[in-house]
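What follows is each chain in one-letter form.
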Amino acid sequence: MAMQTEFDHVDNRWNDDTADALDPVERLVYRSNLLGADWRITNTGGGNTSSKLTETDPLTGEAVEVLWVKGSGGDLRTAEKKNFASLYQEQVLALQDVYQSFDETGVKTVAEDEMTKMYDHCVYDLNPRSPSIDTPLHSFIPHPHVDHTHPVACIAIATAENGEELTNEIYGDDLVWTDWQRPGFELGLEMQRICEEHPEAKGVMLGGHGIINWADTQKACYLRSLALIDRAEEYLQQNGKATYDFGGARYEPLSENERSDVLVDVLPWLRGQVSQDKKMIATVETGDIIQRFVNGAEAGRLAELGTSCPDHFLRTRIKPLYVDWEPDGSRDLTALQVDLKEALREGLAQYRDDYRAYYEAHAAPDDPDMRGADPTVILIPGIGMVAWGKNKSESRVTAEFYNAAVEVMRGAEAVDTYTALPRREAYDIEYWRLEQAKLERMPPEEELAREIVAVVGGGSGIGKATVPRLIDENATVAALDLDAAAAEATAEEIMDEIGMGIGVAGSGVSRCGDVIGQACDITDRASVREALERVVLAYGGLDHVVVTAGLYPTPDADGRVPDATWDGAFAVNAKGPHLVADEAKGLWDAQGLDGSMVITTSVNAVVPKTGSVAYDTSKAAANHLVRELALELAPEVRVNGLAPATVVEGSSMFPRDRVLASLEKYDVDYDENASTAALRERLADFYAERTLTKEPITPADQAEAVFLLVSDDRLGKTTGQVLSVDGGLRDAFLR
């Protein structure tokens with residue numbers, strides 16, 4: 001029978017020319033990437049694929065059957081070969097005898113959990129990738145290629161009250177139903193039993209979970225996955241999903257501007273509320289899928305049920321917080337904001353009570369401690385969804401998962417009644433000792449993980465060097481600059497290097513990665529406010545501000561600076577940081593979380609000399625601004641200054657004309673035809689000779705100091721101080 005290659009509801013992305021050029025393992029990776037490319041087929045980080053391939057045993061040289069299967073913690077969309085575990089298939093099968101040697105076997109027994117340790121003994125060719133909990137599902141199915149996915153359409157059937165009957169109606173003998181069962185060794189044995197009893201079956205519908213299917217070739221397995229998903233979606237569309245709208249609209253969505261105005265005010269406060277244990281990063285989702293749900297009449301009832309697919313609720317928790325409020329766009333904006341905060345305050349209190357009750361009702365004495373009681377998904381009628389995670393990628397994943405959960409509920413409710421995973425089953429996965437062990441194996445978070453930093457001046461010089469330094473410590477960063485293109489270039493360079501991460505969700509600027517670039521004129525309060533509001537919409541709040549923007553007014557031949565230029569120096573170097581601090585203060589106050597501010601001043605602020613009076617005095621003012629702000633913003637926010645000296649490399653304050661003027665001023669030989677970069681290097685070397693360390697001062701040196709001042713673990717008890725990073729200039733010594 002010819003394979004089906006065209007589908008109505010999913011895209012066939014298979015390319016024979018591409019696939020044929022790959023070796024078998026690479027083809028498995030290719031197949032996996034195609035399945036993971038569509039969130040409707042499988043969610044980020046979820047599902048797994050496998051192939052049983054003939055390999056050469058590195059010890060004996062003999063041909064052996066090896067199971068290549070997506071390893072623990074991998075993601076199908078972004079998977080590479082290194083994300084796949086490889087195991088001797090014969091040895092994995094032999095683990096069934098080991099399992100039966102335990103006194104007590106069965107679902108949720110100690111024996112079943114202990115089997116996960118045995119997979120490492122079956123590893124082929126010293127592959128370091130840890131096998132996943134789903135390894136036996138793939139091994140015990142006696143077919144060469146296996147796909148396990150979490151398609152929205154299929155989970156809608158799997159979570160329907162009459163899911164087994166619907167499965168039979170849609171698939172006949174092609175797909176066999178099995179009731180919900182926690183992933184593990186026993187579920188692998190169940191797959192083996194089904195294959196033995198139903199040799200003509202093409203797959204299994206896993207109740208409340210997803211599907212697993214198989215085929216004799218990689219392409220056939222991929223196409224079979226698509227065909228099964230397509231059949232489920234066609235059934236749903238033909239039986240009501242196309243018109244189902246969660247009981248009709250109860251609320252009208254706010255306009256985009258109204259939504260943004262409300263979120264800018266509410267998000268920092270809300271972040272403070274959900275960050276009492278650990279700081280969180282937000283993703284805002286306002287797309288059609290979530291709008292149809294949160295504004296629907298049935299949203300409250302369905303949200304309370306929670307999700308079903310285990311991958312979903314491990315991110316979204318047992319249920320989201322659905323906020324009971326009236327999003328009336330005709331009302332005064334301030335009244336809307338006040339009402340929403342009050343509704344959120346009440347909702348959060350109730351959610352925490354519910355979660356504690358859920359934990360206490362199911363926890364055994366030796367279970368892990370409760371992992372916080374705050375929601376990771378908050379549903380707000382009229383606005384959309386706010387998802388939270390330890391970093392931007394995780395919050396995007398959380399938003400993606402709940403988008404998928406919404407579509408699951410929509411499909412199930414259209415044809416039947418949606419059912420969530422029983423609370424007992426949900427708890428046993430959420431607090432499963434294997435999940436706890438996975439958490440305990442995770443490396444410690446970097447120092448600036450969960451911290452949101454705005455770098456004003458991030459398009460060049462010290463600011464441009466600071467952004468990647470903070471990213472190295474897992475900070476979430478906004479590069480702000482008068483030159484929007486330069487700020488965006490800083491962000492793009494970093495994103496090209498670190499990648500977007502995982503998770504396919506977010507609306508507008510909130511669909512971003514760990515760093516964004518935005519325009520910001522530090523001399524214009526409205527521009528500063530708008531830039532910080534964009535940071536809030538992208539990430540949910542703000543913890544630290546680093547101001548590296550500065551202006552050096554180059555004097556004319558007589559050493560004079562025009563009045564307007566003098567004013568400009570003070571506007572950028574002194575008033576600018578004040579405006580940033582003043583606008584950031586409202587966000588810091590709303591959050592109630594610890595933070596910091598670093599203002600770049602200059603050693604010139606304490607070294608009197610001729611020729612740079614406007615710059616030097618404006619930086620002296622900035623030094624005192626540091627001390628004033630330290631008093632004003634204490635105790636939550638620390639404020640310190642960073643005083644560089646003669647950082648020439650990459651600095652926008654050292655354009656060619658200033659470099660030439662300085663070389664002339666200090667009577668330094670140079671080639672007037674040399675490039676600006678070469679002239680800067682010549683000047684930097686001259687400046688270095690004036691220092692005690694005899695080393696040029698670079699933007700990277702300043703970026704390291706910024707990190708120290710921002711880090712609560714390093715200089716967390718330092719505020720109101722100005723740190724000089726100047727190579728040792730005796731004229732700038734403290735006095």
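Just so we're clear, the structure is a prediction, and the values are computed from it rather than from any experiment.

Asker: Quick rundown of the sheet that holds strand 8 (residues 281-285)? Include the residues and the values.
Answerer: Pairing is mixed across the open sheet formed by four strands, whose spatial order is 8-11-10-9. Among the strands making up the open sheet, the edge pair consists of strand 8 and strand 9 (321-322). Relative to strand 11 (residues 384-389), strand 8 runs antiparallel, the two being bridged by five bridges. In the strand pairing of strand 11, Ile281 is matched with Gly389. Strands in contact with helix 10 (residues 256-274) are strand 8, strand 10 (377-380) and strand 11; relative to strand 11, the strand with the most contacts, it is inclined by about 35 degrees. Packed on one face of the sheet, helix 15 (residues 392-415) meets strand 8, strand 10 and strand 11 and runs near 135 degrees to strand 11.

Asker: Quick rundown of the sheet that holds strand 6 (residues 203-206)? Include the residues and the values.
Answerer: Taken in spatial order, the seven strands of this open sheet run 3-2-1-4-7-6-5, and their pairing is mixed. Edge strands, defined here as strands with exactly one partner in the open sheet, are strand 3 (84-88) and strand 5 (175-178). If you compare each strand with its neighbour and ignore which way they point, the axes differ by 20 degrees on average. Both strand 2 (residues 63-70) and strand 3 contribute to a ladder of five bridges, which runs antiparallel. If you follow Leu67 over to strand 3, its bridge partner there is Leu87.

Asker: Mind laying out a negative patch on the surface, listing which residues take part and the relevant values?
Answerer: On the surface, a cluster of negative charge is made up of Glu649, Glu681, Asp685, Glu689 and Asp701. A per-element tally of the negative patch places helix 24 (residues 676-689) first, with three residues. If you trace the backbone, Glu681 turns up in helix 24. By relative accessible area, Glu681 is classed as exposed at 52%.

Asker: So what about the environment of Gly372? Which residues, and what values?
Answerer: Turning to its location among the elements, Gly372 is positioned in the loop between helix 14 (333-362) and strand 10. Sequence spacing of Gly372 and Glu689 is 317 residues, and the spatial spacing of their C-alpha atoms is 56 Å. Setting aside anything within four residues of it in sequence, one finds Gly372 in contact with Asp277, Arg317 and Tyr355.

Asker: So what's going on with the side chain of Gln192? Which residues, and what values?
Answerer: When you line up the elements, Gln192 lands in helix 8 (residues 185-197). The exposure class assigned to Gln192 is buried, which follows from its relative accessible area of 19%.

Asker: So what's going on with helix 20 (residues 525-539)? Residues and values would help.
Answerer: In a regular helix each residue adds 1.5 Å, so 15 residues correspond to 21 Å; helix 20 covers 21 Å between its end C-alpha atoms and thus fits that length. Residues Ser527, Val528, Ala531, Leu532, Val535, Val536, Leu537, Ala538 and Tyr539 constitute the buried set of helix 20. Where helix 20 terminates, the next one or two residues include Gly540, which has phi positive at roughly 105 degrees.

Asker: Help me get a handle on helix 15, residues and values and all.
Answerer: Taking 1.5 Å per residue, 24 residues should reach 34 Å; helix 15 reaches 35 Å between its end C-alpha atoms and fits that length. Helix 15 sits mainly inside the fold: 22 of its 24 residues count as buried. A distance of 3.3 Å separates the backbone nitrogen of Ser393 from a side-chain oxygen at the start of helix 15, and that oxygen is part of Asn391.

Asker: Which residues make up the pairing of strand 13 (residues 476-481), and what values go with them?
Answerer: For a regular strand, side-chain orientation follows a simple rule: the groups alternate between the two sheet faces. Among the six residues that make up strand 13, six are buried, leaving the element largely enclosed by the rest of the structure. Burial along strand 13 is two-sided: the face carrying Thr476, Ala478 and Leu480 and the face carrying Val477, Ala479 and Asp481 are both buried. Sheet topology places strand 12 (residues 452-456) next to strand 13; five bridges connect them, and they run parallel. Counterpart to Val456 in the pairing with strand 13 is Leu480. Once the chain exits strand 12 it traverses helix 18 (residues 461-472) before rejoining the sheet at strand 13, and the crossover so formed is right-handed. Sheet topology places strand 13 next to strand 14 (residues 515-519); five bridges connect them, and they run parallel. Residue pairing for strand 14: Val477 is matched across the bridge by Val515.

Asker: For the pattern of salt bridges, give the residues involved together with the corresponding values.
Answerer: Counted by the stated rule, this structure contains 42 salt bridges. Taking the shortest distance from any N to any O, the salt bridge between Arg433 and Asp113 comes out at 3.3 Å. Of this pair, Arg433 sits in helix 17 (residues 433-441) while Asp113 sits in helix 4 (residues 110-118); the two residues are 320 residues apart in sequence, bridging distant segments of the chain. Given the relative accessible area of 41%, Arg433 is considered partly exposed. For the salt bridge of Glu394 with Arg315, the shortest nitrogen-to-oxygen distance reads 3.5 Å.

Rules behind the numbers
- Residues numbered from 1 in each chain as written.
- Predicted model: local features only at pLDDT ≥ 70, side-chain atom pairs only at ≥ 80, totals over all residues.
- Heavy atoms only, no water.
- Pairing = 2+ DSSP bridges.
- Helix = DSSP H or I, 4+ residues; strand = E, 2+ residues; numbered from the N terminus.
- Contact = heavy atoms within 4.5 Å.
- Axes fitted to C-alpha atoms, helices over the stretch in contact; angles between N-to-C directions.
- Patch = residues over 30% accessible without salt bridge, like charges linked within 9 Å, V, L, I, M, F, W, Y side chains within 5 Å.
- Areas by Shrake-Rupley, 256 points an atom, 1.4 Å probe, with all protein chains shown as cover.
- Salt bridge = Lys/Arg side-chain N within 4 Å of Asp/Glu carboxyl O.
- Lys, Arg positive; Asp, Glu negative; His and termini not counted.
- Charge placed at Lys NZ, Arg CZ, Asp CG, Glu CD.
- Buried < 20%, exposed > 50% of the residue type's maximum accessible area, 1.4 Å probe, protein only.
- Expected span 1.5 Å × (residues − 1).
- Polar contact = N/O pair within 3.5 Å; in protein donor to acceptor, adjacent residues only side chain to side chain.
- Right-handed = clockwise from strand over helix to strand, strands pointing away.

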